[in-house]
Amino acid sequence: MSTISIYRTEFLAFSSNGSRLRRKFQRISLSPTMKMDGKSVERVKKEELSVQLQTSSIPQLENSRQSNLRFDRLQPSDQELNQDKILEFGKFVAREAVLDEEFWTAAWLRAESYWEDRPGERYVDNFKRKFAEQEFNAIKGHYKGQHGQTYTCVVTVKKEERNVKRTVLKSVVGTLDFSIRHLLHGESFPGEREKHLFCSINRTHLNKYVYVSNLCVAKSARRQSIASNMLYFVIKSARSSGVELVYVHVHRNNEPALQLYQKIGFEIVEMASSLLLEKQMYLLCYRTKFC
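Note that this is a predicted model, so its numbers are computed, not measured. Along each chain, numbering runs from 1 in the same order as the chain's sequence is written. For a predicted model such as this one, the threshold for reporting local features is a pLDDT of at least 70, and the threshold for listing and counting side-chain atom pairs is 80 or more; totals across whole chains, interfaces and linings nevertheless cover every residue. With hydrogens and water set aside, each side-chain value is computed from the structure's full complement of heavy atoms.

Quick look at the packing of aromatic side chains now. A pair of Phe, Tyr and Trp rings is counted when the ring centres sit within 6.5 Å of each other, with Trp represented by its six-membered ring. The angle between the planes then sorts it: under 30 degrees is stacked, over 60 is edge-to-face, the rest tilted. All chains considered together, the criterion is met by ten aromatic pairs. Where Trp115 meets Phe127, the ring centres are 5.5 Å apart and the plane angle is 20°; that geometry is what we call stacked. In this pair, Trp115 sits in the loop between α4 (100–114) and α5 (124–142) while Phe127 sits in helix α5, placing the two residues twelve residues apart along the sequence. Think of it in three bands: with a 1.4 Å probe and only protein chains considered, a residue is buried below 20% of the maximum accessible area for its type, exposed above 50%, and partly exposed in between. Its relative accessible area of 12% is what places Trp115 among the buried residues. Here Phe127 falls in the partly exposed class, since its relative accessible area comes to 36%. Considering the side-chain rings of Phe266 and Tyr286, the 5.4 Å spacing of their centres and the 50° angle between planes classify their relative orientation as tilted. One end of the pair, Phe266, is in the loop between α8 (255–264) and β9 (267–268); the other, Tyr286, is in strand β10 (residues 281–287), and 20 residues separate them in sequence. On the accessibility criterion, Phe266 (3% relative accessible area) is buried. Overall, Tyr286 belongs to the buried group, its relative accessible area being 15%. An aromatic cluster is built from Tyr114, Trp115, Phe127 and Phe131, whose rings are joined through pairwise contacts. Here a helix means four or more residues in a row that DSSP labels H or I, a strand means two or more in a row labelled E, and each is numbered from the N terminus.

The terminal C-alpha atoms of helix α7 (residues 226–240) lie 21 Å apart, and with 15 residues this matches the ideal 21 Å at 1.5 Å per residue to within 8%. The buried count for α7 comes to eleven of 15 residues, which makes it a mostly enclosed element. Downstream of α7 by a residue or two, Gly242 has a phi angle that is positive, lying close to 75°. The span expected for a helix works out to 1.5 Å for each residue beyond the first.

This brings us to the environment of Ala94. Within the secondary structure, Ala94 sits in strand β4 (residues 92–96). Taking the relative accessible area as the measure of exposure, Ala94 reaches 0% and is therefore buried. C-alpha separation for the pair Ala94 and Val173, spaced 79 residues apart in sequence, amounts to 9.9 Å.

Regions of empty space are outlined by a rolling probe, equal in size to a water molecule, passed over the atoms. Detection works on a 1 Å grid of protein atoms alone, calling trapped sets that fit a 1.4 Å probe cavities and calling open sets with protein on both sides within 12 Å along at least five of seven lines pockets, with lining residues defined by an atom within 4 Å of a point. Grid points are joined across faces, edges and corners, and a volume is the space filled by probe spheres set on the points. In this model, the largest pocket occupies a volume close to 1500 Å³. Contributing to the lining of the largest pocket are 37 residues, with Ser113, Leu215, Cys216, Asn254 and Ala257 lying nearest its centre. Mapped by element, the contributors of at least two residues to the lining of the largest pocket are α4, α5, β7 (208–217), α7, β8 (245–251) and α8.

Our next topic: the pairing of β7. Two strands are said to pair when DSSP picks up at least two bridges between them. Bridging between strand β6 (residues 172–182) and β7 involves eight bridges; their strand directions are antiparallel. Paired with Thr175 across the two strands is Cys216, which belongs to β7. Strand direction decides the pairing type here: β7 and β8, joined by three bridges, are parallel. Looking at the pairing, Val210 lines up with Val246 of β8. Handedness rule for crossovers: strands pointing away from the viewer, path from the first strand over the helix to the second running clockwise, crossover right-handed. Viewed along the sheet, the connection from β7 through α7 into β8 turns out right-handed.

Strands sit in the order β3-β4-β5-β6-β7-β8-β10-β9 across an open sheet of eight strands; the sheet is mixed. Whereas interior strands pair on both sides, the edge strands pair on one side only; in this sheet they are β3 (86–89) and β9. Sheet analysis places β4 next to strand β5 (residues 150–158), joined by five bridges and oriented antiparallel. Its bridge partner lying in β5, Val93 is registered against Val157. The contact definition used throughout considers only heavy atoms, calling two residues in contact when any of these lie within 4.5 Å. Only the stretch in contact is used when fitting a helix axis, every axis being a line fitted to C-alpha atoms; angles between N-to-C directions are given from 0 to 180 degrees. Across the sheet, α7 is in contact with β3, β4, β5, β6, β7, β8 and β10; its angle to β7 comes to roughly 160°.

Bringing α8 into the picture now. All buried positions along α8 are accounted for by Ala257, Leu258, Tyr261 and Ile264. Along α8, the residues classed as buried sweep out an arc of 135° about the axis, all on the same side. Turned more than 90 degrees away from the buried face of α8, the exposed residues are Pro256 and Lys263. Packed against the buried residues of α8 are β7, α7, β8 and β10. Gly265, located one to two residues past α8, shows a positive phi value of around 130°. Here the arc refers to the directions that run from the helix axis out to each C-beta atom.

A word on the packing of α4 against α5. When two helices pack together, their arrangement is given by the angle between their axes and by how far apart the axes lie. Put simply, α4 and α5 touch, their axes get as near as 8 Å, and they point 135° apart. When the axis of α4 is compared with that of α5, the two are oblique. At the point where α4 passes α5, the crossing takes the right-handed sense. Along the contact surface, α4 presents Asp100, Phe103, Trp104, Ala106, Ala107, Trp108, Arg110, Ala111, Glu112 and Tyr114, while α5 presents Lys128, Arg129, Phe131, Ala132, Glu133, Glu135, Phe136, Ile139 and Lys140. Here roughly perpendicular refers to angles of 65 to 115 degrees, roughly parallel to angles under 35, roughly antiparallel to angles over 145, and oblique to all remaining angles. By definition, any crossing whose near helix is turned counterclockwise from its far helix by less than a right angle is left-handed, and any crossing with a clockwise turn is right-handed.

Packing of α7 against α8 brings their axes to within 11 Å, and their N-to-C directions diverge by 45°. In terms of their interaxial angle, α7 and α8 are classed as oblique. In this structure, α7 crosses over α8, and the sense of that crossing is right-handed. On the side of α7, the interface is formed by Ala227, Ser228, Leu231, Tyr232 and Ile235, while α8 contributes Leu260, Tyr261 and Ile264.

Here it is as structure tokens:
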């Protein structure tokens, strides 16, 4: 009888205060009755190797069993995804998100962006995780076709590099949403009329528009034209769908965002300014001039 020592890696669950994952190694002693030949010894030596997987600063979903998320999943190659609509620029590619792990990373980037200016608040990490879970569920809900809108979650991922393998969590560096909507009867821009339960939607070709929301870029990847190129991706998609108008709301105090949109060609909808004064928001519009 021989005793074999096997080291098994155990990954601890994410704590409630938002701290990073920790690794713990357990030593297990097995006493099987077996004849130890040369091949058996070689197999045992392999079992004694401890393989440490690289973890990400993006926490796991608390209820990941229901979503079947794999946080060690490697980013698929472009050939595996085989997507027609992509926008390549520099070291990045903008495209539609297709994996649940990409949806989760997009949701976490939203949480990071939302809580970016409030790092000193108590329990901020816990709030961020809860916020990300809500956003993840919202993304999944939108893709089920709620409210009759065509919804797309866009992500920017790092380009493939030779002999470099990244997880999905490490690849996604930017995200935004856009949806194709219809104006209500009597509206000349979104939000002109208050939406009621029984209000009718003017579903004609001329009353379709694209609405952009939740634009955010990871801190480590900013100032590399990621936000502007994701917007160009949206404009290109709107044009290919035969939609002329692209709208977005921006807070009046968000000067960097205003400059970004106006540099691309968005203009403030003056007629909407008085309606949005109390909310301190601007409505901006871009005309794709498809023809």
